[in-house]
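Reading the structure
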Amino acid sequence: MYYFDHSATTKPHKEVLDTFVKVNETFYANPASLHEMGVDSNSLLSRARKQVADMLKTEESKVIFTSGGTESNHFAINGLARTLQGRGRHIITSSTEHPSVLESMKQLANQGFEIDILPVNEKGVISIDDVKERLRKDTILVSVMHINNELGSIQPIKQLAEVIHEHSRAIFHVDAVQSFGKYPITFPLIGADVLTLSGHKFNGLKGTGIVAWTGHVSFEPIIVGGGQEFGLRSGTVPVPQAVAFAKAMRIAFENQAAMKTKYIKWNEKLRNFIRNFKDIRILSPEDAAAHILTISVRNIKGEVLVNALQARGIIVSTSSACSSKQTKISHVIKAIGLPDDYTKGVIRISLGTSNSDEQINHFIENFTAIIKQVKGD
């Protein structure tokens, strides 16, 4: 099979799996235990945390390990909102955020918070001026993803950070789940106050993630109990997962420049090929992240395309794995105002470390026949 669904999940690197197994075999003691084995486990956990902090250019005490992007986003948004509600209850986000963000916003709206949802243009990008106009004295949080998981649209995060920090006291949270390993992500580079990452998006393990922050940011705990993770996320810390996350992050960090060059080359080749089809729209903007290329075929269902491609050994998804099993049109596709005859035929081609020139060629060689097949030509 030729796998082009890396934005949904990635295959763990062998080195990550080996690390996970080794730590499970040797450092299986509870890191909160006072005995020697517990101290050793805690020391390994601290080293993993420091590695993550160093790559993001923050402090070790400002990184907590989670079960992935959804929990990280939920923790960041709810933890910040509860902490800051004394000075305001106004929150800004965008209409194309990941469901873990939008659903968290719905919960807060039910608790009396005022949620301002920004529209996007046809590229899926919000307006910096729109953000500036909506900032208020009681705005406590702005949450905007860096790279959209369905289109690859890149939000102007650095500029947004400058506007938010100049015109408000709001905390700026960035969902960087689709960014890390593809673009340089550090706090000084993007200007965010809080970042969330998910390990399985960059060849780590499912069930691993982090929340990291910088500056004077505090959270109200969402999970309480024994006070682990600086009292912010109670429960026995899974040291093997944390160490495996740091390992995957380091590999992605070291290889991101080389992989980005490949993504740009493959993306350009696929775009040039797809432009030859009159009834296919390329939905990902020209300046979108190179590892995501989303297209739509006129008057064809995305599920039909996915199945036809799979029959030739090509694995893609509809617009998002999080919504692909639902029959409704993705909220992201609705937000960019796509014409009705293209809304159902959306598929996402997402590139990753397991792809190659040969696989890109295989896709191109088979795609024309597949389109003729699904259209009945």
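The structure we're discussing is the one just above.
Read on for a plain summary of the structure. These numbers were taken from a predicted model, which means no experiment stands behind them. (Residues numbered from 1 in each chain as written. Predicted model: local features only at pLDDT ≥ 70, side-chain atom pairs only at ≥ 80, totals over all residues. Heavy atoms only, no water.)

1. Re the overall build of the protein
Formally: Counting from the N terminus, the helices are DSSP H or I runs at least four residues long and the strands are E runs at least two residues long. In this scheme, a residue with accessible area under 20% of its type's maximum is buried, one over 50% is exposed, and one in between is partly exposed, where area comes from a 1.4 Å probe on protein chains only. Contact definition: two residues touch when any of their heavy atoms are within 4.5 Å. Each accessible area is a Shrake-Rupley result for a 1.4 Å probe, and residues are judged covered by the shown protein chains and nothing else. Only four residue types enter the charge count: Lys and Arg as positive, Asp and Glu as negative, with His and the chain ends excluded. All charge positions are set by atom: Lys at NZ, Arg at CZ, Asp at CG, Glu at CD.
Looking only at helices and strands, one finds eleven helices and twelve strands in the protein. Along the first, second and third principal axes, the C-alpha set of the protein runs to 70 × 50 × 35 Å. Every one of the 377 residues in the protein was classed for burial, and the buried ones make up 57%. Long-range contacts, defined as pairs at least 24 residues apart, comprise 73% of the intrachain contacts of the protein with a sequence gap of at least 6. For the protein, the accessible surface area stands at approximately 16,100 Å², while carbon and sulfur atoms represent 51% of it. Here the protein contributes 43 positively and 38 negatively charged side chains, and the mean placements of these two sets differ by 3 Å.

2. Observations concerning the pattern of salt bridges
A side chain with one charge may pair with a side chain of the opposite charge, provided their charged atoms come close. For the record, the criterion: A pair is scored as a salt bridge if a Lys or Arg side-chain nitrogen falls within 4 Å of a carboxyl oxygen belonging to Asp or Glu.
The full count for this structure, using the stated rule, is 16 salt bridges. The salt bridge partner of glutamate 59 is lysine 62, with a shortest N-O separation of 3.4 Å. Exposure remark for glutamate 59: the relative accessible area of 45% places this residue in the partly exposed category. With relative accessibility at 14%, the residue lysine 62 sits in the buried group. One salt-bridge network, in which partners are shared between bridges, spans Glu114, Arg136 and Asp138.

3. Looking at the packing of helix H8 (residues 239–274) against helix H11 (residues 357–375)
Heads up, the rule is: Here the axes come from fitting lines to C-alpha atoms, over the contacting stretch only for helices, and the angles between their N-to-C directions go from 0 to 180 degrees. Each angle is binned into one of four classes, with values under 35 degrees roughly parallel, values over 145 roughly antiparallel, values of 65 to 115 roughly perpendicular, and all other values oblique.
Viewed as axis vectors pointing N to C, H8 and H11 meet at an angle of 10 degrees, and their least axial separation amounts to 11 Å. In terms of their interaxial angle, H8 and H11 are classed as roughly parallel. For the pair formed by H8 and H11, the contact residues are Lys265, Trp266, Lys269, Leu270 and Phe273 on the first element and Asp357, Ile360, Asn361, Phe363, Ile364, Phe367 and Thr368 on the second.

4. Re the packing of aromatic side chains
As a reminder of what qualifies: Ring geometry is summarised as follows: Phe, Tyr and Trp rings, the Trp one being its six-membered ring, pair when their centres sit within 6.5 Å, and such pairs are stacked at plane angles under 30 degrees, edge-to-face over 60 and tilted between the two. We count a charge as sitting over a ring when the NZ of a lysine or the CZ of an arginine lies within 6 Å of the ring centre and within 35 degrees of the ring normal.
Using the criterion set out here, one finds eleven aromatic pairs in the structure. Ring geometry for phenylalanine 75 and phenylalanine 219: centres 5.0 Å apart, planes at 35 degrees, overall tilted. Pair noted here: phenylalanine 75 is in helix H3 (residues 69–84) and phenylalanine 219 is in the loop between strand S8 (209–213) and H8, with a separation of 144 residues, a long-range link. Take phenylalanine 75: its relative accessible area is 4%, and that puts it in the buried class. Residue class for phenylalanine 219 comes out buried when judged on its relative accessible area of 8%. The interplanar angle of 70 degrees and the centroid separation of 4.8 Å between the aromatic rings of tryptophan 213 and phenylalanine 219 together place this pair among those described as edge-to-face. Among the aromatic residues, those joined into a cluster by ring pairs are Phe4, Phe273, Phe277, Phe363 and Phe367. Over the aromatic face of tyrosine 342 sits the side chain of arginine 281, whose NZ or CZ is 4.9 Å from the ring centroid.

These values are about where atoms sit, not about what they do.
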